[in-house]
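Take a look at the letters that make up each chain.
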Amino acid sequence: MTPTSLSDAVQDRSRRHIIPLSGGKDSTALAVYMLERHSDLPLEFVFTDTGAELPETYSYLRRFEAIFGVEINRLTALDLPELQVRSKGGRRSPFDVLLNEVYSGFLPNPQARWCTRMLKIKPFEHFVGGDDAFSYIGIRADENREGFRGASAGPSSEDDEGQAETGRAKPVVLSNRNNILPVYPLKDIGFGLDDVRDLLLGSGLGLPPYYDWRSRSGCYFCFYQQVGEWQGLKERHPELFEAAKTYEVTKANGRRFTWSQTRSLEELEKLRERYASPTGEPEDGCAICHL
C-alpha cells in the first residue's frame, strides 16, 4: 500500500488521524511530535492491550496522558464481536482467551505469529471500522524495515499466510484495508534515533524505563527475547517470569513448547552466567509490537 506523505495527510480533514502507541520510544516520539506540531488535528491515540504487557509499559502510557493532557483509547481483542467473550464473565486476558478458545492451546512462535495479527491488528481494524483513516506509524528515517515480512495469523488471515509462504516483503503497516492509509512522519521529516531520544527527553516524558534491561516493548513472554532479557525479567518481575514458565508444557506427543528457541525457562534460570542485556535496536521481532 502506497503511504501518504505527512504534508498531504495533515491537510486532509475528511479522514480520522490515528496514532497507535506500543509503549515503545518511536511511536511515543511520533505522538509527541504530532501533538507539538499538529495539535490542530483531531488526533486519536490508541493502545492495543494484549493483557500481557510489562508494568512499565502501562505506567509509561499513563505518564504520557498526564503530561500531555490527552486520553489513549485502550483496545483489546476482547472487543472483537466474533469472540463473544464479554458475556462470559471473569477476568481473562485477551492472550489467554485467544490461546485457549481460538487456537486450542497452540502458542505463537516465530513461524506462526498469530499474536500480532489477532491481538494488535484486528482490534485496531475493529476500532477504525469502515471509516477512512490515516494510521501514523513510527518508522524512523534511519531504519530500513521495508523488508519486514508479514506475520502469519493462522487460518483467519489468508493474505498474511500467502506472504509468509511466498516470501514477499511488505512495509510495516497496521492494516492492509483500503480505508486505512499508512503515514510515516518520522521518515518524512528525517528523524533518526538521536532525534527521537532528544524529543522524548526534552518533552519531560523521557524514554520507557524498561530500556534499562530490555530492547523492546510488547508481551513479557515475547519469544524474541534474548537470554539477557529473560534474566532481566526474572530479576525485575519474578512473578511474570514464573507466569511465563506456566505456558511451557509438554504435549501428549511428548513435545515441549519453550519460549526460547534454545532452552526452557527452567533451564535458563539455572544458568550461572549473567548474559548482557541487548543494547541498540531489536534485530528481529514484530515491529508493530515494539516501535
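Bear in mind the structure is a predicted one, so any value in this text is a computation, not a measurement.

Notes on helix α4 (residues 94–101)
1) Next: Residues of α4 that are buried include every one of Pro94, Phe95, Val97, Leu98 and Leu99, and no others.
2) Next: Structurally, α4 contributes buried residues whose contacts are with α5 (114–128).

As for the pairing of strand β2 (residues 43–48)
1) Next: Counting buried residues in β2 gives six out of six residues, a clear majority hidden from the surface.
2) Next: Of the two faces of β2, the one lined by Leu43, Phe45 and Phe47 and the one lined by Glu44, Val46 and Thr48 are each fully buried.
3) Next: As paired elements, strand β1 (residues 16–21) and β2 share five bridges and run parallel to each other. Bridging from a neighbouring strand, Leu21 pairs with Phe47 of β2.
4) Next: At this point the chain moves from β1, through helix α2 (residues 25–37), to the parallel β2, and the crossover so formed is right-handed.
5) Next: Sheet topology note: the β2/strand β3 (residues 72–75) ladder contains four bridges and is parallel. Residue pairing in the sheet places Phe45 in a bridge with Ile72 of β3.

Some remarks on the confidence of the model for the protein
1) Next: For the protein, the mean per-residue pLDDT works out to 86, and 85% of the residues sit at or above 70.
2) Next: Scored below 50 in pLDDT, residues 146–169 makes 45 contacts in the model with residues more than four places away or belonging to other chains.

Focus on helix α3 (residues 55–68)
1) Next: End to end, α3 covers 20 Å across 14 residues, agreeing with the expected 20 Å (1.5 Å per residue, within 8%).
2) Next: Of all the residues in α3, the buried ones are Glu56, Thr57, Tyr60, Leu61, Phe64 and Glu65.
3) Next: Looking at the buried positions of α3, the neighbouring elements they touch are β1, α2, β2, β3 and α8 (193–203).
4) Next: One or two residues past the end of α3 sits Gly69, with phi positive at roughly 65°.

Cut-off values and rules
- Residues numbered from 1 in each chain as written.
- Predicted model: local features only at pLDDT ≥ 70, side-chain atom pairs only at ≥ 80, totals over all residues.
- Heavy atoms only, no water.
- Buried < 20%, exposed > 50% of the residue type's maximum accessible area, 1.4 Å probe, protein only.
- Helix = DSSP H or I, 4+ residues; strand = E, 2+ residues; numbered from the N terminus.
- Contact = heavy atoms within 4.5 Å.
- Pairing = 2+ DSSP bridges.
- Right-handed = clockwise from strand over helix to strand, strands pointing away.
- pLDDT = per-residue confidence, 0-100.
- Expected span 1.5 Å × (residues − 1).

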